[in-house]
Each structure stands twice: as structure tokens, then as C-alpha cells.
Amino acid sequence: MGAPELAAPSPAAQPDGKPGPEFGPWLEKASILIVDDEPGMRNFLVRTLGPRAKRVEEAADCEEATKLLDQHHFDVVILDNIMPGKSGVEWLTEQREIGFFSDAILMTAYADLDTAIKALRAGAVDFVLKPFRSNQILNAVARCLDRMRLRRENHVLRHELRATSDHVLLRDKLIGYSAQIQEIRETIARVAPLPTSILISGESGTGKEVTARSLHALSDRAEKPFVPINCAAIPSEMIEAELFGHLKGAFTGAQTARDGLFMHAQGGTLFLDEVGELSLATQSKLLRAIESRRIRPVGSEREAPVDLRFVFATNADLEAEVEAGRFRADLFYRINVMHIAMPPLRERGDDVLELASLFMSKLSKQLGVPQVAMDGAVRAGLTRYDWPGNVRELRNLVERTLILGRFPAEFRDEQAGAEGHADHDETLEEMERRHIMAMVHKTDGNRNEAARRLGISRKTIDRKFADWAD
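Just so it is clear, the model here is predicted, and its values are computed rather than measured. (Residues numbered from 1 in each chain as written. Predicted model: local features only at pLDDT ≥ 70, side-chain atom pairs only at ≥ 80, totals over all residues. Heavy atoms only, no water.)

## Side note on the packing of aromatic side chains
- For the structure shown, the criterion picks out nine aromatic pairs.
- Ring plane angle 90° and centroid distance 4.6 Å describe the contact between Y385 and W387, whose orientation is recorded as edge-to-face.
- A residue is classified by how much of its surface remains accessible, and Y385, at 30% relative accessible area, is partly exposed.
- Ring centres of Y385 and F411 lie 4.9 Å apart, and the angle between their planes is 65°; this geometry places the pair in the edge-to-face category. Placement of Y385 in the loop between α14 (376–384) and α15 (390–404) and of F411 in the loop between α15 and α16 (414–419) is noted, with a sequence separation of 26 residues between them.
- Pairwise contacts between aromatic rings join F244, F262, F310 and F312 into one cluster.
- Note that R185 overlies the ring of Y177, its terminal NZ or CZ placed 5.6 Å from the centroid. (Phe/Tyr/Trp six-rings, centres within 6.5 Å; stacked < 30°, edge-to-face > 60°. Buried < 20%, exposed > 50% of the residue type's maximum accessible area, 1.4 Å probe, protein only. Helix = DSSP H or I, 4+ residues; strand = E, 2+ residues; numbered from the N terminus. Lys NZ or Arg CZ within 6 Å of the ring centre and 35° of its normal.)

Given below as C-alpha cells:
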């Protein structure tokens with residue numbers, strides 16, 4: 001159990017005086033637990049990691065380390081193997097059985113094969129041989145954090161691929177200039193920086209996930225994961241394990257331990273869509289997780305703290321569900337702190353034309369087919385249609401149109417196309433707005449090119465968009 005060969009180096013300073021991220025950008029956001037019975041080693045590791053990490057705690061023995069794990073979440077545990085009473089590998093094995101949610105780095109002075117095999121079985125992800133230099137432990141921690149980040153990102157991406165949103169072209173922004181959408185944008189801008197839970201309601205296909213992503217993108221958690229979960233798409237018997245994770249052997253088929261989506265969203269935003277579909281038993285566990293910010297994986301004796309922003313969505317009337325006894329009243333009041341109601345597409349006026357133009361431009365490139373012209377007759381047909389499937393139905397219509405090379409007959413209002421609109425005469429201002437927006441979409445949002453083709457200045461287009469946003 002030799003001492004380190006070098007003292008901790010002075011970390012490179014940034015302009016704000018804080019250590020630079022020379023060992024990766026994730027270290028400065030990490031929480032680390034050091035477990036070693038030697039005060040000198042603990043002091044060395046604290047001086048090495050302390051200036052670079054968000055939080056560093058130390059424990060002199062396994063009992064003290066267990067108490068700290070019960071209280072806080074640590075991204076990495078740096079653990080000595082040879083300690084009085086219990087070895088690091090023995091302690092790690094015990095912790096895995098009751099719920100260990102960190103990556104572990106084992107420090108050892110004896111690099112024998114038996115110890116290595118036991119450590120790997122116990123769940124250690126890296127070894128550092130004593131004596132070691134400060135850069136070695138920093139690199140080991142950086143590798144750990146990088147591996148953890150990639151594991152979580154891969155899990156979230158696989159989850160999203162299994163439940164790909166039909167709004168894939170719209171997932172990062174709200175499209176349209178109707179009064180309802182403008183009001184929602186303003187609400188998002190006000191609440192995004194706050195930790196407040198948000199409930200988004202609206203018919204299927206109105207853009208609830210798009211709104212949730214906008215909230216995340218404008219929050220201080222934008223660099224952390226956004227994890228969308230469709231509660232209706234996960235079998236009821238699996239929902240708890242999917243959300244909270246499980247330990248090895250927790251149920252039939254659980255051959256390995258796995259973090260749940262709550263842990264994969266750590267530090268970011270968890271979006272629970274169709275929350276009204278959860279069973280009453282799961283609602284109870286969700287309420288506890290929201291209130292305590294702690295979760296208990298299936299089969300675990302230990303709770304794990306989570307740091308999350310919660311956004312919920314539903315197409316059901318949750319107040320009616322509460323009255324009917326199908327949704328917990330306490331959970332409803334807990335998630336309904338801030339409510340955003342998404343308007344159906346039929347109430348958004350000319351937004352349907354802007355969305356149709358966007359879908360036409362993007363999907364034609366994806367499919368490798370030419371765009372289909374939207375003349376006055378088609379535009380009138382699109383604005384007159386009721387759109388029971390909302391934005392999702394519009395997207396599917398445009399894709400079908402591109403494949404067939406023409407709009408369906410029911411979307412060609414010939415009389416309205418000849419007269420401008422069946423319901424009203426189009427004003428010069430409305431015609432100008434429609435023409436400018438069509439050109440901007442035709443140029444993929446390039447306002448300079450749109451201005452050139454229209455024979456006007458870029459400032460004119462910017463001014464028009466600003467006026468329409470008011």
C-alpha cells in the first residue's frame with residue numbers, strides 16, 4: 001500500500017480561475033467517493049481530484065462508505081482493496097447485491113490474476129496499481145466518466161429508436177405564427193429556466209414532445225440528457241423496471257443489473273408522455289420519486305438519489321380521471337404545477353400551410369423525390385380540413401403525396417382555389433405573408449437567398465417576421 005510517487009499537480013487554470021478540463025469536460029461535474037484507510041492516500045486523492053471535480057467525499061472504512069452511499073449518489077467510487085476487516089472487493093460485492101449505482105475503480109498493490117477476476121465479477125471497471133502517479137488516477141476517472149456517459153447516451157438512443165416520434169422533423173422547435181403558438185413560446189421562455197414540473201395536455205399529434213424538448217433546450221440542463229418515455233408503450237409488468245432499473249436476479253430474466261431511465265436522465269429532463277396510462281401502483285411510486293427525488297430499483301435495498309426536471313404529457317382529461325378514481329389526486333396536483341395546453345391543428349389557422357411546406361421540403365430530400373406544388377386549391381383544402389390526427393396526420397399526408405406525386409382529390413378545393421378562399425377573400429397582407437413564408441421554406445430557411453429571389457432586402461424579411469411574431 002505504497003504512497004503515490006508524485007504530489008498532485010497544479011491544474012491548468014481557466015480565465016475564471018477554475019481548473020481547466022484537461023481530463024475531459026465531465027470531471028468538473030462529477031461526484032467522487034474515496035474509500036481508503038490510509039489518511040495520506042485519502043489526502044493525496046482529495047488534493048488531486050478536489051479542484052477538478054464538483055464534489056469529493058472520503059471514507060476511512062467500508063462502514064463509513066456505506067453510510068455515504070446511502071445518503072448521496074456518486075458517479076465514481078475509488079476504492080482500496082486491502083483494508084482492515086473487509087477487503088474492497090468483498091465490500092463491492094456486498095454493495096452490488098443491495099444496490100450499487102456507481103462505477104468503481106480499485107486501487108491495489110498486488111496485481112495478481114485472482115484479485116483481478118474477483119474485482120471484475122464484483123463490478124470494478126478499472127484498476128490502478130500502487131504506487132501510481134496523479135495523472136494515472138485522473139485518467140482512470142476520466143475513462144470511467146466517459147464510459148458512463150456513452151453507456152447512458154447509447155441506452156437513451158436505443159430507447160428513442162424503439163419509440164421513434166412521428167414528429168422527428170419537428171422535435172427541436174415549434175413551427176407556426178398563430179396566436180396560440182406564440183403564447184406557448186412565451187410561456188416556455190418564462191418557465192424553462194425554473195425547476196418547476198410541467199404538465200402538457202392536448203390531443204394526440206399536437207406537438208407535446210416538441211414542447212417538452214423546447215423546455216429542455218432552453219433550460220440550464222440543455223447539455224444533459226433529454227429522455228422521453230411513452231408510458232402507454234411499456235407493458236405494465238415492466239414499467240417499474242424500465243423507469244427505476246433493477247438488480248441482477250430481481251425477477252425472472254434479470255440476468256444482469258440495469259439502470260432505469262430515471263438514472264439515464266440524471267441531471268437532465270425526464271419526459272413522461274401519456275402519464276395517465278400508468279397503473280395506480282406505479283403512480284404511487286412515481287409520486288414518491290418526484291417528492292423525494294430518490295428511486296428504488298427493483299430488487300434493491302437501497303434508494304438512489306436523482307437530479308431531474310420532470311415534464312409530463314397527456315391526451316386525457318386528468319381531472320376527469322381523478323374523479324373516476326383512475327388517477328391519484330395527489331399525483332395530479334403534484335405534476336400540475338404549470339400547465340401548457342397544446343391547441344389542435346384545426347385551430348391554428350395558416351400554421352397548417354407553414355407546416356406542410358416544411359414537411360414537403362424535408363421529406364422530399366429524405367425520399368429523394370421532387371416536391372409537389374401546393375397551389376391555391378390545395379392550400380384552401382388544407383386550411384378547410386379538420387385534421388383529427390393533427391400534425392402527425394399532416395406529416396403522413398405530405399409523405400403520401402410525395403410518393404404518389406399528387407395531393408389526394410379531397411384536398412383540392414377547386415372552387416376555393418379559383419376564388420382565393422371559400423370562406424373569405426385573401427387580403428394583400430395575407431397574400432404577402434404567405435408568399436414570403438413560402439419562399440423562405442423553399443430556400444430551407446435561408447432568408448438572404450429568399451430576399452434575393454423576392455427582390456427585397458434581408459432587413460425587410462426580418463422586419464416582416466418580427467411584425468408577424470407580435
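## A look at the sheet that holds strand β1 (residues 31–35)
- Taken in spatial order, the five strands make up an open sheet running β2-β1-β3-β4-β5, and their pairing is parallel. The outermost strands of the open sheet, each flanked by one partner alone, are β2 (55–59) and β5 (124–129). Neighbour-to-neighbour, the strand axes of this sheet turn through a mean angle of 20°, independent of strand direction.
- Note: strand β3 (residues 76–80) against strand β4 (residues 103–108), five bridges, orientation parallel. Of the residues in β4, the one forming a bridge with L79 is L106.
- The strands that helix α2 (residues 62–71) touches are β1, β2 and β3; relative to β2, the one it contacts most, it runs at about 145°. (Pairing = 2+ DSSP bridges. Axes fitted to C-alpha atoms, helices over the stretch in contact; angles between N-to-C directions. Contact = heavy atoms within 4.5 Å.)

## Overview of α2
- Within α2, burial applies to C62, A65, L68 and L69. An end-on view of α2 places all buried positions within 120° of arc, on one side of the element.
- Taken together, the buried residues of α2 touch β1, β2, β3 and α3 (88–98).
- For α2, the capping residue at the N-terminal end is D61, with a side-chain oxygen 3.2 Å from the backbone nitrogen of E63. (Arc of directions from axis to C-beta. Polar contact = N/O pair within 3.5 Å; in protein donor to acceptor, adjacent residues only side chain to side chain.)

## Focus on the pattern of salt bridges
- Here the structure, examined in full by the defined rule, presents 22 salt bridges.
- Note that E94 is salt-bridged to K86, the shortest N-O span being 3.0 Å.
- Of the residues examined, E94 reaches a relative accessible area of 36% and is grouped as partly exposed.
- By relative accessible area, K86 is classed as partly exposed at 28%.
- Across the salt bridge formed by R328 and D330, the nearest N and O atoms sit 2.6 Å from each other.
- Here the salt bridges share partners, and the residues they tie into one network are R288, R294, R296 and E303. (Salt bridge = Lys/Arg side-chain N within 4 Å of Asp/Glu carboxyl O.)

## Some words on the side chain of T401
- On the secondary structure map, T401 appears in helix α15.
- The exposure class of T401 is buried, given its relative accessible area of 1%.

## Things to note about the UniProt feature "modified residue: 4-aspartylphosphate" (unreviewed entry) in the chain
- Per the UniProt record, the feature "modified residue: 4-aspartylphosphate" (unreviewed entry) sits at D80.
- Mapped onto the fold, D80 is located in strand β3. (UniProt positions renumbered as here; feature names shortened; annotations may be inferred.)

## As for unusual backbone geometry
- Here the bond from K130 into P131 is cis, since omega is -5°, no more than 30 degrees from zero.
- Looking at where P131 falls in the secondary structure, it is placed in the loop between β5 and α5 (134–162).
- Although it is not a glycine, N390 sits at a positive phi angle of roughly 60°.
- Looking at the element boundaries, N390 is found in helix α15.

## Some points on the nonpolar core
- In this structure, F262, L270, L286, F312 and I335 are the most contacted members of the largest nonpolar core, which totals 33 residues.
- Listing elements by their share of this core, those giving two or more residues are β7 (226–230), α8 (239–244), α9 (261–264), β10 (269–273), α10 (280–292), β13 (309–314), α11 (318–323) and α12 (329–335).
- The leading source of residues in this core is α10, at four residues. (Core = buried A, V, L, I, M, F, W, Y, C linked by side-chain atoms within 4.5 Å.)

## Structural notes on the environment of M148
- With respect to the helices, strands and loops of the structure, M148 is situated in helix α5.
- Note: C-alpha distance between M148 and D103 (45 residues apart in sequence) is 7.8 Å.
- With near-sequence residues (within four places) excluded, M148 lies in contact with D75 and D103.

## Here's the deal with a negative patch on the surface
- A surface patch of negative charge is lined by D350, E429, E430 and D467.
- With respect to the helices, strands and loops of the structure, D467 is situated in helix α19 (residues 458–469). (Patch = residues over 30% accessible without salt bridge, like charges linked within 9 Å, V, L, I, M, F, W, Y side chains within 5 Å. Areas by Shrake-Rupley, 256 points an atom, 1.4 Å probe, with all protein chains shown as cover. Lys, Arg positive; Asp, Glu negative; His and termini not counted. Charge placed at Lys NZ, Arg CZ, Asp CG, Glu CD.)

## Here's the deal with a nonpolar patch on the surface
- Taken together, the side chains of L367, I403 and L404 present a nonpolar region at the surface, about 290 Å² in accessible area.
- Relative to the helices and strands, I403 resides in helix α15.
- A relative accessible area of 60% places I403 in the exposed class.

## Remarks on the environment of H246
- Here H246 lies in strand β8 (residues 245–246).
- On the accessibility criterion, H246 (8% relative accessible area) is buried.
- In this structure, the C-alpha to C-alpha distance between H246 and S300, residues 54 residues apart in sequence, is 7.1 Å.

## Things to note about the pairing of β10
- Counting buried residues along β10, five of its five residues qualify, which places the element largely inside the surrounding structure.
- With burial as the criterion, each face of β10 is covered, one bearing T269, F271 and D273 and the other bearing L270 and L272.
- Looking at chain direction, β7 and β10 are connected through five bridges and run parallel. Opposite I229, over in β10, you have L272 as the bridge partner.
- Bridge count between β10 and β13: four bridges; the pairing is parallel. Counterpart to L272 in the pairing with β13 is F312.

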